[in-house]
Amino acid sequence: MPKEDFTSCGISLIGRSIRVLPEVSSTNELLKAEAEECLASEGTVIIAEHQTAGRGRLDRVWESPPGKSLLFSLLLYPEIPGDKMQLIGLMASLAVLNGLEVAQLKHLNHQIIHLKWPNDILGTKRKLCGILSEAGVDKNGRRFTVVGIGINVNQTLNDFPEPLRNTATSLYIMTGKKHPRTTLLKSILASMEDHYNRLLNEGVEWIPQTWLERAGIRGKKVEVKDSNNTISGTCLGLNPDGALQLMMPDDSIQTIYSGDVS
Ligand code: BT5
């Protein structure tokens, strides 16, 4: 695999500044800290070869052996109401899915790759990518969002810790080929720029509908677990904030703002 130069993968806004770090606690933590102090501009991307404290939602651990995945965070200043912030994560997952398909179409066309609410991308029903979208306010009172993306690229099954070997996958496991991460990153940043431009031009109303069409879960039975309980219902769709709407067995409608879907 040739040496990878990530710094040339930027588009005009998204990735106009790209920093590559050999090791960091978490790219989200670092970029959030910089954004709070107004030290990073919109579109900044921080990439790490290794994270010592990579995080998922609810402070869960994001596992990644050095150099085998794409781990990066992106800073955005979307001017949207606070209750619509979940839509940024949905938009990001659409952008990543599209970027992966464009970059890897000929390798992936026989594979099942799809969206899982809220922000996962699955390959062959296993987790290929996780996205952690975190909102904050900078010292001038401006609201920002850091979108953190972890994509399993060249890991073998043995690179994952034992408990993840039945639930995780990588592009390498799915296709039997090693993938240059720069090609993927460039394609994903280009797709992110297209999606973000659409948000800037049209607002956010298109996001839940587009996400739903791509995910294909309307009318399907789903189970949602949170820390306290598990509920099962039929997916009716997403509400305008991106929350999941379920029809329950007693015909009531439940709106789910967070949880793990299976
Ligand atoms: C996520 O959380 O899926 C969001 C992950 C975001 C990671 C990126 S990497 C760059 C940026 N910097 C950070 O610190 N984070 C972001 P969640 O839905 O909570 O899923 C976490 C769960 O996924 C864990 O509890 C494991 O079960 C599983 N998991 C951990 N590492 C994995 C991996 N590499 N591949 C597949 N599944 C994994």
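The structure displayed is predicted, hence computed values, not measured ones. Every chain begins its residue count from 1, and numbering advances along the sequence as written. With the structure being a predicted model, the display of local features is reserved for residues of pLDDT at least 70 and the display and counting of side-chain atom pairs for 80 or more, all residues being used for whole-chain, interface and lining totals. Only hydrogens and water are set aside; all other atoms, that is, all heavy atoms of the structure, feed into the side-chain values.

K.L.:
When you look at the packing of aromatic side chains in this model, what are you seeing that I'm missing?
P.N.:
Within a pair of aromatic rings, the relevant descriptors are the distance that separates the centres and the angle that separates the planes. Only rings of Phe, Tyr and Trp enter the pairing, Trp through its six-membered ring, and a pair is recorded when the two centres are within 6.5 Å. The plane angle decides the type: under 30 degrees is stacked, over 60 is edge-to-face, the rest tilted. Following the criterion strictly, the structure yields one aromatic pair and no others. Throughout this description, the term charge over a ring refers to an Arg CZ or Lys NZ atom that lies within 6 Å of the ring centre and within 35 degrees of the ring normal. It is R142 that lies over the ring of Y77; its NZ or CZ is 4.0 Å from the centre. Sitting above the plane of the Y172 ring, K178 keeps its charged end 4.8 Å from the centroid.

K.L.:
Just checking my understanding: could you explain the pairing of strand β9 (residues 230-238) for this structure?
P.N.:
Within a regular strand, side chains alternate between the sheet's two faces. Strands qualify as paired when DSSP identifies two bridges or more between them. Secondary structure elements are taken from DSSP: a helix is a run of H or I of four residues or more, a strand is a run of E of two residues or more, and numbering for both begins at the N terminus. Bridging between strand β8 (residues 221-225) and β9 involves five bridges; their strand directions are antiparallel. Within the sheet, the bridge partner assigned to V224 lies in β9 and is I231. Hairpin connection from β8 to β9: four residues lie between these consecutive antiparallel strands. Where β9 meets strand β10 (residues 244-247), four bridges bridge the pair, whose relative direction is antiparallel. Within the sheet, the bridge partner assigned to G237 lies in β10 and is Q245. Hairpin connection of β9 to β10: five residues between the antiparallel strands, including G242 at a positive phi of 95°.

K.L.:
Where do I start with the side chain of S69 in this structure?
P.N.:
Within the fold, S69 resides in strand β3 (residues 69-76). Only protein chains enter the accessibility calculation, which uses a 1.4 Å probe; a residue whose area is less than 20% of its type maximum is buried, one above 50% is exposed, and one in between is partly exposed. Note on S69: relative accessible area 2%, which makes it buried. The contact partners of S69, leaving out residues within four places of it in the chain, are S64, I151, N152, V153, Q155 and R181. Every residue pair with non-hydrogen atoms within 4.5 Å of one another is taken to be in contact.

K.L.:
Explanation requested: the pattern of salt bridges in the structure shown.
P.N.:
Side-chain pairs of opposite charge can arise whenever the charged atoms involved come near each other. For this document, the term salt bridge refers to a Lys or Arg side-chain nitrogen within 4 Å of an Asp or Glu carboxyl oxygen. According to the stated counting rule, one finds 16 salt bridges in the structure shown. A salt bridge links E34 to R19, with the nearest nitrogen and oxygen atoms 2.7 Å apart. Of this pair, E34 sits in helix α1 (residues 27-36) while R19 is found in strand β1 (residues 18-21), placing the two residues 15 residues apart along the sequence. Within this structure, E29, K32, R55, D59 and E134 form a network of salt bridges that share partners.

K.L.:
Got a minute to help me understand the nonpolar core in this structure?
P.N.:
Counting residues in hydrophobic clusters, the biggest one holds 62 residues, and the most contacted among them are V96, L100, W211 and L244. At twelve residues, helix α2 (residues 86-108) tops the list of elements feeding residues into this core. These domain limits were set by an automatic method or by a database of domain assignments. Counting the residues that make up this core, at least three belong to each of domain 1 (6-210) and domain 2 (218-261). Residues in contact with L244, not counting those within four places in the same chain, are W117, I217, V224, C235, G237, L238, Q254, T255, I256 and V261. Among buried residues, those of type Ala, Val, Leu, Ile, Met, Phe, Trp, Tyr and Cys that are joined through side-chain atoms within 4.5 Å constitute a nonpolar core. In this structure, L31, A35, A40 and Y77 belong to the second largest nonpolar core, which totals eight residues.

K.L.:
Honestly, the layout of surface pockets in this entry has me stumped. Any pointers?
P.N.:
Left-over empty space is what a probe sized like a water molecule reveals as it rolls over the atoms. The space that makes up the largest pocket amounts to roughly 1200 Å³. Think of a 1 Å grid over just the protein atoms. A cavity is a set of points where a 1.4 Å probe fits yet cannot get out, a pocket is an open set with protein on both sides within 12 Å along at least five of seven lines, and lining residues have an atom within 4 Å of a point. What lines the largest pocket is a set of 47 residues, among which K116, D120, L122, K127 and D260 lie closest to the centre. Mapped onto the lining of the largest pocket, the elements with two or more residues apiece are α1, β3, β4 (113-116), β5 (120-123), β6 (126-137), β7 (143-152), β8 and β12 (260-261). Here the lining of the largest pocket gets five residues from one element, more than from any other, and that element is β6. Put simply, Ala, Val, Leu, Ile, Met, Phe, Trp, Tyr, Cys and Pro go in the nonpolar bin, Asp, Glu, Lys and Arg in the charged bin, and everything else, Gly too, in the polar bin. Partitioned by chemical class, the residues of the lining of the largest pocket number 17 nonpolar, 17 polar and 13 charged. Grid points are joined across faces, edges and corners, and a volume is the space filled by probe spheres set on the points. Estimated volume of the second largest pocket: approximately 510 Å³. Lining the second largest pocket we find 24 residues, and of these R57, Q86, P118, Y257 and S258 sit closest to its centre. It is β6 that contributes the most residues to the lining of the second largest pocket, five residues altogether. For the lining of the second largest pocket, the two domains that each supply at least three residues are domain 1 (6-210) and domain 2 (218-261).

That is the geometry; function is a separate question.
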